Amino acid sequence: MVEAARLAEAVDLVPLGRLPAGTLERLAARLSRRVELACHVLASADVPVRRIPNRDQLDAGALLESVEARAASDTRLLVGVAAEDIAVPLFTFVFGLARQGGRACVVSLARTDPAFYGLPEDPELRDERAVREVLHELGHLATLEHCPDRGCLMSFAGNVEKVDTRGGAFCEACRERLPHWLRGPSAA
Ligand SMILES: [Zn+2]
Ligand SMILES: [Zn+2]
């Protein structure tokens, strides 16, 4: 079976819960400059958000299931975006979650904001982190697993410092495995 990412003709961003006005439009605009696919913002998914008991976080696995259930098209990838922190039971938190080769993923913007760490606001840094999260999850949809190259967008980030140091581009080995629309400019 050919994975959805190969057939994709568009990426749709859908809000999961409330997001500050303009957030998804900014993210879609930024994403459009990084992928050769149309990026759209959908109206609220009305996705039921399940909280992890005794943790102020949404259940990322349950969110992903809900978003996948809404991903009705073979040619459109769906990215659910939450403002709230998300986690899976085994991890303190996750930046995002995707099933390899699936057609939907979820990301949280909670930890992209320097204010989360008590640092001064930095909209450029915040938005750049957000788009990198989305690109990383799209890489999983394109069947990539985590990459041992620490300078690659597909390397695992367990904290925001890693998100910043792994940069915004895929390594050559990962690039070769990506669909053309996700490759971005070559590092060479
Ligand atoms: Zn990952
Ligand atoms: Zn790589």
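Here, every reference points to the structure presented above.
Residues numbered from 1 in each chain as written. Chains lettered and ligands numbered in written order. Predicted model: local features only at pLDDT ≥ 70, side-chain atom pairs only at ≥ 80, totals over all residues. Heavy atoms only, no water.

### Section: the side chain of R166
At step 1: Its location among the elements puts R166 in the loop between α5 (160-165) and α6 (172-177).
At step 2: No salt bridge is formed by the buried R166. Its closest oppositely charged neighbour is E137, at 6.6 Å.
At step 3: Beyond its immediate stretch of four places on either side in the chain, R166 contacts H136, R150, G151, C152, L153, S155, F156 and A157. (Helix = DSSP H or I, 4+ residues; strand = E, 2+ residues; numbered from the N terminus. Buried < 20%, exposed > 50% of the residue type's maximum accessible area, 1.4 Å probe, protein only. Lys, Arg positive; Asp, Glu negative; His and termini not counted. Salt bridge = Lys/Arg side-chain N within 4 Å of Asp/Glu carboxyl O. Contact = heavy atoms within 4.5 Å.)

### Points about a nonpolar patch on the surface
At step 1: Residues L90, F91 and F156 make up a contiguous nonpolar surface patch of about 360 Å² in total accessible area.
At step 2: Residue placement: F156 occurs in the loop between α4 (123-141) and α5.
At step 3: The exposure class assigned to F156 is partly exposed, which follows from its relative accessible area of 41%. (Patch = residues over 30% accessible without salt bridge, like charges linked within 9 Å, V, L, I, M, F, W, Y side chains within 5 Å. Areas by Shrake-Rupley, 256 points an atom, 1.4 Å probe, with all protein chains shown as cover.)

### Brief notes about the packing of aromatic side chains
At step 1: One pass over the structure, following the stated rule, counts 3 aromatic pairs.
At step 2: Between F93 and F95, the aromatic rings sit 5.1 Å apart at their centres with planes inclined by 90°, giving edge-to-face as the arrangement. Across the pair, exposure class does not vary: F93 and F95 are buried alike.
At step 3: Here the aromatic rings of F116 and Y117 are separated by 5.0 Å at their centres, their planes lie at 70°, and the arrangement is edge-to-face.
At step 4: When its relative accessible area of 39% is taken as the criterion, F116 is described as partly exposed.
At step 5: Residue Y117 is classed as partly exposed on the basis of its relative accessible area, which comes to 32%.
At step 6: The positively charged end of R111 is found above the aromatic ring belonging to F93, 3.8 Å away from the centroid. (Phe/Tyr/Trp six-rings, centres within 6.5 Å; stacked < 30°, edge-to-face > 60°. Lys NZ or Arg CZ within 6 Å of the ring centre and 35° of its normal.)

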